[in-house]
2 protein chains.
Amino acid sequence: MKLYGYWRSGATYRVRIALALKGLDYDYAPVNLLKGEQKSPDYLKVSPQGLLPALMTDDGATLVQSLAVIDYLDETYPAPPLLPADPLMRARARQIAYAIACEAQPLQNLRVQKYLREEAGLDEAGVKAWLDRFVKGAIEAVETMVAETAGDYCVGDQPTLADICLVPQIYAALRFGVDLAGAPRLNAIYERCTAHPAFVKAHPDNQPDAARG
Amino acid sequence: MKLYGYWRSGATYRVRIALALKGLDYDYAPVNLLKGEQKSPDYLKVSPQGLLPALMTDDGATLVQSLAVIDYLDETYPAPPLLPADPLMRARARQIAYAIACEAQPLQNLRVQKYLREEAGLDEAGVKAWLDRFVKGAIEAVETMVAETAGDYCVGDQPTLADICLVPQIYAALRFGVDLAGAPRLNAIYERCTAHPAFVKAHPDNQPDAARG
C-alpha cells in the first residue's frame with residue numbers, strides 16, 4: 001500500500017494511526033499542502049479531486065476520504081478491530097468520531113482558516129472567536145459524550161475510531177491555541193494515546209516530511 | 001423507535017431516508033431549530049449536546065450523529081443493505097458520503113451561515129461566495145467521483161449511504177441558491193431519488209412539522 005499525505009494534515013494523521021494500530025506496512029508519499037502540491041498534475045492523476053490523504057491499495061485502487069479509508073482498512077484487515085463488537089458501543093465510538101470529523105475539523109482546517117483571513121477579512125481575533133465557537137464547542141460536546149463511554153480510551157479500554165479522530169483534533173486544537181480547559185477527560189485520553197506506540201509512530205513529528213527546527 | 005428531528009435539518013433528512021429504505025416504523029418528535037428547541041431543558045435530557053437528530057432505540061438508548069445512527073440501523077436491521085457487499089465499492093459509497101458530510105454540509109449549515117452573517121459581518125454576496133467556494137466545490141468533487149461508480153444511483157443501481165447523503169445536500173444547495181450546473185450526473189441521480197418511495201416519504205415537505213404555505 002502507498003499513502004499519499006502530509007505530516008500535519010489531520011486527515012492523513014488519522015489514517016496513519018489506523019495503519020499503525022493494525023501493524024500494516026506502507027510506502028509514504030509526501031504531498032506538500034503548503035506548496036499546493038495536492039493540485040499538481042502528477043497528484044491529480046492519483047486523486048482527481050486533489051484531496052489528501054489518498055491510499056493506493058495493493059490492487060492499485062485509490063481511496064480518498066480518511067474515514068472511508070479507515071473503514072476499508074478495518075473491513076479488509078480485521079485485527080485488531082477499530083470498533084467495539086457491540087452495536088450500541090460501535091455507535092458510541094462512531095458518534096464521537098463523526099462529531100469530530102463533521103463538526104470540528106471541517107471548520108478549522110487550513111483552507112477554511114485561509115478563507116476567513118484572506119477573503120472574509122477576519123483578523124486574528126476574529127479567527128480565534130470562530131475557532132472558539134465551533135472547534136472548542138464541538139470538543140466540549142465530545143467531552144460530555146466520553147463521560148458515558150470512556151475507559152482508558154474514548155470508548156472502553158482499547159483504542160477505537162473515536163481515538164483515531166480525537167488525537168489529530170486535539171493536536172490541531174493545541175496548535176491553533178484553542179482552549180481545552182473544558183475537556184479534562186479528553187486531555188487525559190490524549191496524553192494516554194500519545195504514549196501508545198502506534199500513535200507515536202503516526203505522530204506528525206515522526207514523519208519523513210516533518211519540518212525540522 | 002423515536003426520531004427527534006426537524007423537517008428541514010439535512011442530518012434528520014438522512015436518517016429519515018435510511019429508516020424509510022429499511023421500511024422501519026418510528027415515532028417522530030419534532031424539535032424546532034428555528035425556535036431553539038434543541039437547547040430546551042426537555043430536549044437536553046434526550047441529547048445532552050443539544051444535537052439533532054437523535055434516535056431513541058427500542059431499548060431506550062439515544063444515538064446522535066446521523067451517520068452513526070445510519071450505521072447502527074444498517075448493522076441492526078441489515079435488509080436492505082445501505083452499502084454494497086464488495087469492500088472497494090463500500091469504500092466508494094462511503095467516500096461520497098463523507099465528502100458530503102465532512103466537506104459540504106458542515107460549511108453550509110444554519111449555525112455557520114448565521115455566524116458568517118451576524119458575527120463575521122459577511123453580506124449576502126459574501127455568504128454566496130463562501131457557499132460557492134466550499135459547497136459547490138465539494139459537490140463538484142463528488143460529481144467526479146460518481147463518474148466512476150454510478151448506475152441508477154451514486155454507486156451502482158441501488159440506493160446506498162452515498163444517496164442518503166447526496167439528496168439532503170442537493171435539497172439544501174437548491175434552497176441556498178448554489179449553482180449545480182457543474183454536476184449533471186448528481187442532478188440526474190437526485191431526480192431519480194426524488195421519485196423513489198422511500199425518498200418521497202422522507203422528504204422535508206412530507207413531515208408533520210413542515211411549514212405550510
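Residues numbered from 1 in each chain as written. Chains lettered and ligands numbered in written order. Predicted model: local features only at pLDDT ≥ 70, side-chain atom pairs only at ≥ 80, totals over all residues. Heavy atoms only, no water.

**Student:** Sorry, what's going on with helix H8 (residues 184-194) of chain A here?
**Tutor:** Think of an α-helix as 3.6 residues a turn; residues three or four steps apart then line up on the same face. Residues and elements named next belong to chain A. Within H8 the residues assigned to the buried category are Leu-186, Ile-189, Tyr-190 and Cys-193. Buried residues of H8 fall within an arc of 105° about the axis and therefore sit on the same side. Exposed positions of H8 whose direction lies more than 90 degrees from the buried face are Pro-184 and Glu-191. Of the surrounding elements, those touching the buried residues of H8 are helix H6 (124-149), helix H7 (161-175) and helix H9 (197-202). (Buried < 20%, exposed > 50% of the residue type's maximum accessible area, 1.4 Å probe, protein only. Helix = DSSP H or I, 4+ residues; strand = E, 2+ residues; numbered from the N terminus. Arc of directions from axis to C-beta. Contact = heavy atoms within 4.5 Å.)

**Student:** Honestly, the interface of chain A and chain B in this entry has me stumped. Any pointers?
**Tutor:** Interface size is commonly expressed as the accessible area that is lost once the parts come together. Between chain A and chain B, the residue contacts involve 42 residues of the former and 42 residues of the latter. Around 3900 Å² of area is buried between chain A and chain B when both sides are counted, 60% of it from carbon and sulfur atoms. Contact with chain B buries surface across chain A, with Gln65(A), Tyr98(A) and Tyr115(A) losing the most and accounting together for 15% of the total. In this assembly, chain A and chain B are joined by ten salt bridges. Ionic pairing is found between Arg94(B) and Glu75(A), a salt bridge with its closest N-O pair at 2.9 Å. (Buried area = accessible area lost by both parts, 1.4 Å probe. Salt bridge = Lys/Arg side-chain N within 4 Å of Asp/Glu carboxyl O.)

**Student:** Help me out: how do you make sense of helix H5 (residues 110-118) of chain B in this one?
**Tutor:** Along H5(B), the residues that are buried comprise Val112(B), Gln113(B), Tyr115(B) and Leu116(B). End-on, the buried residues of H5(B) take up no more than an arc of 160°, which puts them together on one face. Elements in contact with the buried residues of H5(B): H6 of chain A together with helix H6 (124-149) of chain B.

**Student:** What am I meant to see in the nonpolar core here?
**Tutor:** Note that soluble globular proteins tend to have their nonpolar side chains buried in a common cluster. Ranked by internal contacts, the top residues of the largest apolar core, which has 159 residues, are Ile96(A), Trp130(A), Ile96(B) and Trp130(B). When near neighbours in sequence (up to four residues on either side) are disregarded, Ile96(A) contacts Val142(A), Met145(A), Val146(A), Thr149(A), Cys154(A), Val155(A) and Ala162(A). (Core = buried A, V, L, I, M, F, W, Y, C linked by side-chain atoms within 4.5 Å.)

**Student:** When you look at the environment of Arg117(A) in this model, what are you seeing that I'm missing?
**Tutor:** Residues and elements named next belong to chain A. Mapped onto the elements, Arg-117 comes out in helix H5 (residues 110-118). Residues Arg-117 and Val-127, spaced ten residues apart in sequence, show a C-alpha to C-alpha distance of 7.2 Å. What Arg-117 contacts, discounting residues up to four positions off in sequence, is Leu-122, Glu-124 and Val-127.

**Student:** For this particular structure, what's the right way to read the relation of the copies chain A and chain B?
**Tutor:** A rotation about an axis combined with a shift along that same axis relates the two copies of the chain. The transform that puts chain A on chain B rotates by 180° and translates by 0.0 Å along the axis, for an RMSD of 0.0 Å. One copy is carried onto the other by what is essentially a two-fold rotation axis. Distance from the rotation axis, computed per C-alpha, reaches its smallest value in chain A at Cys102(A): 2.3 Å. Most of the interface of chain A is mirrored in chain B, where 100% of its interface residues are also at the interface. (Least-squares fit on C-alpha atoms with pLDDT ≥ 70 in both.)

**Student:** How should I be thinking about the UniProt feature "domain: GST N-terminal" (unreviewed entry) in chain A in this particular structure?
**Tutor:** Under the feature "domain: GST N-terminal" (unreviewed entry), the UniProt entry names residues 1-81 of chain A. Taken end to end, residues 1-81 of chain A comprises 36% helix and 17% strand; its first and last C-alpha atoms sit 19 Å apart. (UniProt positions renumbered as here; feature names shortened; annotations may be inferred.)

**Student:** Help me out: how do you make sense of the side chain of Thr57(A) in this one?
**Tutor:** All names here are of chain A. With respect to the helices and strands, Thr-57 occurs in the loop between strand E3 (54-56) and strand E4 (62-64). Residue Thr-57 is classed as buried on the basis of its relative accessible area of 7%. Ignoring anything within four residues of it in the chain, the contact list for Thr-57 reads Met-1, Leu-63 and Tyr-72.

**Student:** I tried to follow the packing of aromatic side chains on my own but got confused; where do I start?
**Tutor:** Each aromatic ring pair is summarised here by two numbers: the centre-to-centre distance and the angle between the ring planes. Under the definition given, this model contains 14 aromatic pairs over all chains. Judged by centre distance (5.6 Å) and plane angle (90°), the rings of Tyr13(B) and Tyr171(B) are edge-to-face. A residue pair is termed long-range when its members are at least 10 positions apart, and Tyr13(B) in helix H1 (residues 10-21) and Tyr171(B) in helix H7 (residues 161-175) qualify at 158 residues. Three or more aromatic residues joined by ring pairs make a cluster, and in this case those are Tyr115(A), Trp130(A), Phe134(A), Tyr115(B), Trp130(B) and Phe134(B). (Phe/Tyr/Trp six-rings, centres within 6.5 Å; stacked < 30°, edge-to-face > 60°.)

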